Amino acid sequence: MRMLRIALKSLKARPVSLLGAFLALALGVAMTAVMLLGLAAALGGGADGEELVSLVAALGTAGGVSAFVSAFVVASTYSYAVAQRRRELGLLRLAGATRAQVRRTVLTEALLLGAAASATGCLLGRLGAPAFVGRLSDAGMAPTGFSLVPVVWPLPVAFATGLLVALGGVAAAVRRAGRVGPLDALRTADLDTGVLTAGRLLTGLGLLLGFLALAGTALATDPADLLHRKTYTTRPMWLICASGLLSPLLAPPLIRLLGRLLPRRATGYAGRLLPANAAAALRRTGAVAAPVLVAVALTGSLAGAPATVGAARSAEARARTGADLVVVPAAGSEGPLLAALRAVPGVAALSATAPTALSLVEADGVAVRSEARATTDPAALAALARLPLLAGSPAGLDDGSLVLPAEWGHTAVGEPVPVVRADGSRTTLRVAAVLRDGLGDNGLYVTAANAPGARVDRVDVRLGPAARAADVRSAALPHGATVLTREEWLAAGASPRITWLRTVLVLGLALVYTGIALANTLLMATADRRRELALLRLAGATRAQVVRLVTAESVLVTAVGAVLGCAVAAVQLGSMRAALAVLRVPAPLVLPWRPVGVVTAGALLLAAVCAAPAAAWALRSRPVTAAAR
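This section reports on the structure supplied with the text. Quantities reported herein were computed from a predicted structural model and do not represent experimental measurements. (Residues numbered from 1 in each chain as written. Predicted model: local features only at pLDDT ≥ 70, side-chain atom pairs only at ≥ 80, totals over all residues. Heavy atoms only, no water.)

### Let's talk about the environment of M576
For M576, the location among the structural elements is in helix α18 (residues 543-583). What makes M576 buried here is its relative accessible area of 0%. Along the primary structure M576 and L226 are separated by 350 residues, whereas in three dimensions their C-alpha atoms are 5.9 Å apart. Apart from the residues within four sequence positions on either side, M576 is in contact with L226, L227, Y232, A305 and V309. (Helix = DSSP H or I, 4+ residues; strand = E, 2+ residues; numbered from the N terminus. Buried < 20%, exposed > 50% of the residue type's maximum accessible area, 1.4 Å probe, protein only. Contact = heavy atoms within 4.5 Å.)

### Remarks on the pairing of strand β8 (residues 444-447)
Burial of the side chains of β8 extends over both faces: L444 and V446 are buried on one face and Y445 and T447 on the other. Sheet topology note: the strand β3 (residues 367-375)/β8 ladder contains four bridges and is parallel. Following the sheet pairing, T375 is matched in β8 by T447. (Pairing = 2+ DSSP bridges.)

### Here's the deal with the nonpolar core
Counting 115 residues, the largest nonpolar core has L59, V69, Y78, L136, I240 and L505 as the members making the most contacts within it. The greatest single-element share of this core, amounting to 17 residues, is contributed by α18. For I240, the residues in contact, after removing those within four places along its chain, are F68, F72, L293, V294, A297, L298 and V568. In terms of nonpolar packing, the next biggest core, distinct from the first, is built from 20 residues, V327, L337, L338 and V456 among them. (Core = buried A, V, L, I, M, F, W, Y, C linked by side-chain atoms within 4.5 Å.)

### Considering the packing of helix α8 (residues 229-245) against helix α9 (residues 247-259)
At their nearest, the axes of α8 and α9 sit 5 Å apart, and the two run at 75 degrees to each other. Taken together, the axis directions place α8 and α9 in an arrangement best described as roughly perpendicular. Residue-level contacts link S243, G244 and L245 of α8 to S247, P248 and L250 of α9. In terms of residue class, the contact of α8 with α9 is built from three nonpolar, three polar and no charged. (Axes fitted to C-alpha atoms, helices over the stretch in contact; angles between N-to-C directions. Parallel < 35°, antiparallel > 145°, perpendicular 65-115°, else oblique. Nonpolar A, V, L, I, M, F, W, Y, C, P; charged D, E, K, R; others polar.)

Nothing here speaks to function; it is all geometry.
Right, here's the structure in full:
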């Protein structure tokens, strides 16, 4: 009970220092609550079919990213908040408190603060969720009329998540608080020592090596796994955590390097203090750099990864499409249309295919559903599809066989494969050809006899030397078909808008949160430097020089976080590039310069805008008075 009273008084005595942790956690819980409420609305009947799967996947990914970002930033903020209280905790030890009592005090404060922040976050999330789901509907990611449903579970889950994040974030800080000795109450220097502990170093290196091991294993066994959304969303988190833990090792050389790039005129003679100040206060540097690191790293990874995969798919589709024209039939006109196209003079080849569902029965009896395409002319398919063959030939496809990628595990031509057709009938087909694994439309191929109910939705046309595209269009026009050139068809198959909207959904709230967290941390850190800044004034620095010094230091530390974030994104995109090389996909190099540049510039501007008034406010008292505190 005595520790509870001390914890309550401590919360009241240090509102500015603890306000940062409170806001960081409250906003993180609000993000989580909004995503959970949207997810509950999707699962509650707001969407169906493929729309449901897409929406649930996007909201689930956004919720996971939001929870990770809030946990990472809250842990960094709590660590710095406890480090600021070194002298206060030393006084408790000097007054007779044991190490265990100090730990319980800090843990109790975190529990009280976490409960209040989680409740506030749930309220903010509930108030903001209607606008959020409305925007989803307006953007076309959810059906018209998509709205919240009356369910209870999202808010309790968000509240519990907030408490877990608070307790998890303060866990390392609690151990550090227990190590504070009585003589720390007499300490006046602000030099951070013992920041990179052995446990922190080993954990950071373990996460880094774990990422490299997983990436290396995937490249050796399943390169396509590195290109899946789940993988390129979660793998950067390993690197972000590793960079955060190793920041005491990585930050000093970056501070010295970037410090040389700052113009000396921006800070006057005090500019020589910039690298020393930032390197001496590594916990403050880490707390300020953490939101920038996670924002830039996630922006580079989650904006660059879909662009990389999209460019790879387009390049693969272009390489595997041998048609000059692609004709899209109208419903019910397939037969007459095909007869009209075959009658066009000079048409060299014609391949009509239809989408169908086909399930492959695995050894344990489980039927795994996959999309397939059915053809009536395997020879034409072999001529126009340019399939990446490992064995066999699609020209050998008949009513008793199929063509499939190697990822299914059937790699021998002639091997029997039990399948379930779209109408539920079962049969066994032999392997006619095996395809190299890829990204796009190189799935299963069967003949029309194994695709009951399938309707032709694509006719590939190769023109001979004497044929004209206008003749093909004239033949297709009476049947209501659409004739596209190869490039037009490839462009129509891409969906950059949906990909961009999903990226905005996943990153949007997280970036807003990291921006607020950066501003909040800068205000909290600068307010705690009143004595340090007063000593600079007493040493002869003018008020303007001190303000410029603090502003330039904040910009420098923000730049350090941006560089680390760019490094994380580069490693993640590099692993994806390596996977494409292993898969032999002719993909161009895609770098998300624009979104990363915008986020970095915004962070630097925000740092300058927040640090300057915060420093001016910290200098409002007379230097002699502030230095004596």
